[in-house]
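# Chains, contacts and geometry: an overview
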Amino acid sequence: ATYQWIKDGIDITGATAQSFWASVSGIYQVRVTDGVSCTWTSDAKAVAIQPLPTPTVTGASVGCLSPGVTLSTQSYSAYQWYKDAVAIAGATLQSYTATQAGSYTVKVTDSYGCQGTSPATGVTLNTNPLPVVSGASSGCASPGAVLSTTTFSGYQWYRDGVLLAGATGPTY
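Once that is clear, we can look at the overall build of the chain. Within the chain one finds zero helices and 17 strands. Against the 2.2 N^0.38 benchmark of 16 Å for 172 residues, the chain shows a C-alpha radius of gyration of 31 Å, more extended than a compact globule. Accessible surface computed for the chain: about 11,300 Å², of which carbon and sulfur atoms make up 57%. Charge-centre separation for the chain: the mean point of 6 positive side chains lies 9 Å from the mean point of 7 negative side chains.

As structure tokens, this is what we get:
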């Protein structure tokens, strides 16, 4: 038998195999000729080809090791996050918190089952500062106990987990 695939009433050049991979929306048919020159054309089949999803990754590209940086993408049916082209086990949500530096992508599946992968997003994570508080562990109400820490570019002091307004210097 010979085959000729047809799209929107026009023969598709070179489409003469038993199977045809439709990549454009349209109305498809196949004309089959058997060994004794009998020809039959199939009923028409409408095919709707969906565009591939084009996810993008949003989020900070620089952060600290803890808590990391949160990366997100648009809403799709399914997600798989990758770091340096390797799938991250269990990273199948719309957002992912990166706690390692590297190149991140997300592969998504839309409601039609079509898949697309985002462009890579580089993430740089810096070591968290490790402040050490030094000074007296007791003192009188006035003048109090002077506390200090190692040199950093910025400071914020807390008492019992509560931010102390204006306490932003290396000593408090």
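Here the narrative resumes.
Attention now goes to the nonpolar core. Across soluble globular proteins, you tend to see nonpolar side chains buried next to one another. Formed by 14 residues in total, the largest nonpolar core has its most connected members in Leu71, Trp81, Tyr96, Ala98, Tyr104 and Val123. Where this core is concerned, the elements lending two or more residues are strand 7 (69–72), strand 8 (78–83), strand 10 (95–98), strand 11 (102–109) and strand 13 (121–126). With five residues, the next largest nonpolar core counts Trp5, Ala15, Tyr28 and Val30 among its residues.

Side chains of strand 10 alternate between two faces, with Tyr96 and Ala98 buried and Ser95 and Thr97 left unburied. The pairing of strand 7 with strand 10 spans four bridges and is classified as antiparallel. In the strand pairing of strand 10, Leu71 is matched with Tyr96.

Below, the discussion takes up the pattern of salt bridges. In this structure the tally under the stated criterion is three salt bridges. In this structure, the salt-bridge partner of Asp8 is Lys7, at a minimum N-O distance of 2.7 Å. Residue classification places Lys7 among the partly exposed residues on the basis of a relative accessible area of 23%. Notably, a salt bridge pairs Asp84 with Lys83, separated by 2.9 Å at the nearest N-O pair.

Our next topic: unusual backbone geometry. Residues Ser66 and Pro67 are joined by a peptide bond in cis, for which omega reads 15 degrees. Checked against the element boundaries, Pro67 lands in the loop between strand 6 (62–64) and strand 7. Despite not being glycine, Ser37 shows a phi value in the positive range, around 70 degrees. The phi angle at Asp160 is positive, at roughly 55 degrees, despite the residue not being glycine. With respect to the secondary-structure elements, Asp160 resides in the loop between strand 16 (158–159) and strand 17 (162–163).

Ring pairs (aromatic) are described by centroid distance and by the angle formed between their planes. Inspection of every chain in the model, using the stated rule, returns four aromatic pairs. Aromatic side chains Trp5 and Phe20 sit 5.9 Å apart centroid to centroid with 25 degrees between the ring planes, which places their arrangement in the stacked category. Here Trp5 is found in strand 1 (residues 2–7), whereas its partner Phe20 is found in the loop between strand 2 (10–11) and strand 3 (26–33), with 15 residues between them in sequence. Since its relative accessible area comes to 16%, Trp5 is described here as buried. Relative accessible area serves as the criterion here: at 30%, Phe20 is assigned to the partly exposed category. Clustering of aromatic rings is evident, with ring pairs tying together Trp5, Phe20 and Tyr28.

Where strand 1 meets strand 3, six bridges bridge the pair, whose relative direction is antiparallel. For Gln4, the partnering residue across the bridge sits in strand 3 and is Arg31. Where strand 1 and strand 2 come together, two bridges link them in antiparallel fashion. Considered in strand 2, the bridge of Ile6 is made with Asp11. Counting the residues that bridge the hairpin from strand 1 to strand 2 gives two residues, and of these Asp8 lies at a positive phi of roughly 50 degrees.

Calculation notes
- Residues numbered from 1 in each chain as written.
- Predicted model: local features only at pLDDT ≥ 70, side-chain atom pairs only at ≥ 80, totals over all residues.
- Heavy atoms only, no water.
- Helix = DSSP H or I, 4+ residues; strand = E, 2+ residues; numbered from the N terminus.
- Rg over C-alpha atoms; globule rule 2.2 N^0.38 Å.
- Areas by Shrake-Rupley, 256 points an atom, 1.4 Å probe, with all protein chains shown as cover.
- Lys, Arg positive; Asp, Glu negative; His and termini not counted.
- Charge placed at Lys NZ, Arg CZ, Asp CG, Glu CD.
- Core = buried A, V, L, I, M, F, W, Y, C linked by side-chain atoms within 4.5 Å.
- Buried < 20%, exposed > 50% of the residue type's maximum accessible area, 1.4 Å probe, protein only.
- Pairing = 2+ DSSP bridges.
- Salt bridge = Lys/Arg side-chain N within 4 Å of Asp/Glu carboxyl O.
- Phe/Tyr/Trp six-rings, centres within 6.5 Å; stacked < 30°, edge-to-face > 60°.

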